Amino acid sequence: MIRIPDTPAQEKKVPAYILGIETSCDDTAAAVIRDHYLLSNVIAGQAVHERYGGVVPELASRAHQQHIIPVVEAALQDAGVTKEMLHAVAYTRGPGLMGSLLVGTSFAKTFAMGLDIPLIEADHLDAHILAHFIEGPDHPYHPPEFPFLCLTVSGGHTLLVVVEEPSQMKVIGRTIDDAAGEAFDKAAKILGLPYPGGPAIDKLAKEGNPSAYPFPKPRIPGLNMSFSGLKTSFLYFIRDRLREDTGFISSNLPDLCASIQNTIVEILMEKLEDASSVTGIRNIALAGGVSANTLMRAMLTEAGTRNGWKTYIPHYRYTTDNAAMVAITGYFKYIRNDFSSQESTPYTRTTR
Ligand code: KG4
Ligand code: ZN
């Protein structure tokens, strides 16, 4: 059950229609939510980055400028909501790429000011976590019970977060270098796979043997993690094998994908189990782009059965970047009167 925070929703219009806007990286997204019920969810990706093997910030902000108005119009239209019906506009303030964030921030500020409705800022990582509370027409509603532990794994961040309630989250572990998603993307690049690498590795790994190549796992004390050593050892391993056999990658691709994926997911799962032991929390959730990973999802379910956890795996659609998660974050802030100022500026790095 969602615990509605103590602050009463004074003079709040119920139901509340909230527009969410997400432009932190290379997806321009808008969504409309009625309380926590999702009415629309529109995402425009940016194919322009594919040929560069990664996101080019300048091109991302230009593409956001082109996409933002049609994407918002489509979100309103799909929801059957006019802009006059909106009660608030929520947007991602950070972390992310400055040029990308500025497009969403400026749009949201202008839109809220023009409609004379509250502006709400969302932290991108909080939003990934709160995606668990989205109710939709075509998926079961299975929100986590508080407090829960959320392994938040994306292209830029890897965090272990204790979630006491929607507005109270505490980071208890993090990567000390690369993010898990970055490890997937870099490994994929070494293998000559397209960006983003996570989905490509996931797909190929299905045909491979996860024990074919045992890569070393780092020993990092406490609940922190590291992925840069793994990336380097993978790079050197591939380089050395290619010297002996130029066709090494192509003849072993599924096994290589399955092995690197298995190592990344095992590092994450071991820390998640440690975090549950340390905190005593047994409500366990996943969030962020890497939570789309097939093995990650299966291993959480397996660990849940083994440890007697209640596990929460986000609907596939809310794992990678989207604006539905920003809209639900906006809803939680709306009912607490937690509004943003027109003077607030984007932040590129996490504040936690
Ligand atoms: O949350 P997200 O969409 O964007 C950030 O906030 O960074 O996460 C993107 C990351 C990328 O690194 C991508 O490779 C990874 O999530 N990812 C996956 C899968 N789908 C996306 N990693 C592993 N397996 C997947 N199926
Ligand atoms: Zn994200």
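Scroll up for the structure.
Residues numbered from 1 in each chain as written. Chains lettered and ligands numbered in written order. Predicted model: local features only at pLDDT ≥ 70, side-chain atom pairs only at ≥ 80, totals over all residues. Heavy atoms only, no water.

Teacher, can you tell me more about empty space enclosed by the protein here?
By rolling a water-sized probe across the atoms, one finds the places where empty space is left. Enumeration according to the criterion identifies 2 cavities of 30 Å³ or more in this entry. Considered as a void within the structure, the largest cavity measures approximately 40 Å³ in volume. A183, A187, F227, L230, K231, F234, I260 and I264 are the residues that line the largest cavity. The biggest single contributor to the lining of the largest cavity is helix α6 (residues 228-244), with 3 residues. Residue composition of the lining of the largest cavity, grouped by class: 7 nonpolar, no polar and 1 charged. Of the volumes computed, that of the second largest cavity is approximately 30 Å³. Among the secondary structure elements, those contributing two or more residues to the lining of the second largest cavity are α3 (124-130) and β7 (158-165). For the lining of the second largest cavity, the element with the most residues is α3, which contributes 3 residues. (1 Å grid on protein atoms, 1.4 Å probe; cavity = no way out; pocket = protein on both sides within 12 Å on 5 of 7 lines; lining within 4 Å. Points joined across faces, edges and corners; volume = space filled by probe spheres on them. Helix = DSSP H or I, 4+ residues; strand = E, 2+ residues; numbered from the N terminus. Nonpolar A, V, L, I, M, F, W, Y, C, P; charged D, E, K, R; others polar.)

What should I look at first to understand the layout of surface pockets in this one?
The calculated volume of the second largest pocket comes to roughly 250 Å³. D126, S167, K333, D338 and R352 are, among the 16 residues lining the second largest pocket, the residues nearest its centre. Going through the elements one at a time, β5 (119-123), α3, β8 (168-174) and α9 (324-334) are the ones with two or more residues in the lining of the second largest pocket. Looking at the lining of the second largest pocket, its residues break down into 6 nonpolar, 3 polar and 7 charged. Two domains each put at least three residues into the lining of the second largest pocket: domain 1 (9-139 + 319-334) and domain 2 (148-314). (Domains from an automatic or database assignment.)

Please explain the packing of α6 against helix α7 (residues 248-279) as it appears in this structure.
The geometry of a pair of packed helices is captured by two quantities: the angle between their axes and the separation between those axes. Their axes nearest at 12 Å, the elements α6 and α7 cross at an angle of 165°. Judged on the interaxial angle alone, α7 and α6 are roughly antiparallel. α6 and α7 meet at a crossing whose hand is right-handed. Residues L230, F234, F237, I238, R241 and L242 of α6 form the contact with α7, whose own contacting residues are F248, I249, L256, I260, T263, I264 and I267. Counted by class, the contact of α6 with α7 contains 11 nonpolar, 1 polar and 1 charged residues. (Axes fitted to C-alpha atoms, helices over the stretch in contact; angles between N-to-C directions. Parallel < 35°, antiparallel > 145°, perpendicular 65-115°, else oblique. Left-handed = near helix turned anticlockwise from the far one by under 90°. Contact = heavy atoms within 4.5 Å.)

Any functional reading would require information beyond the geometric quantities listed.
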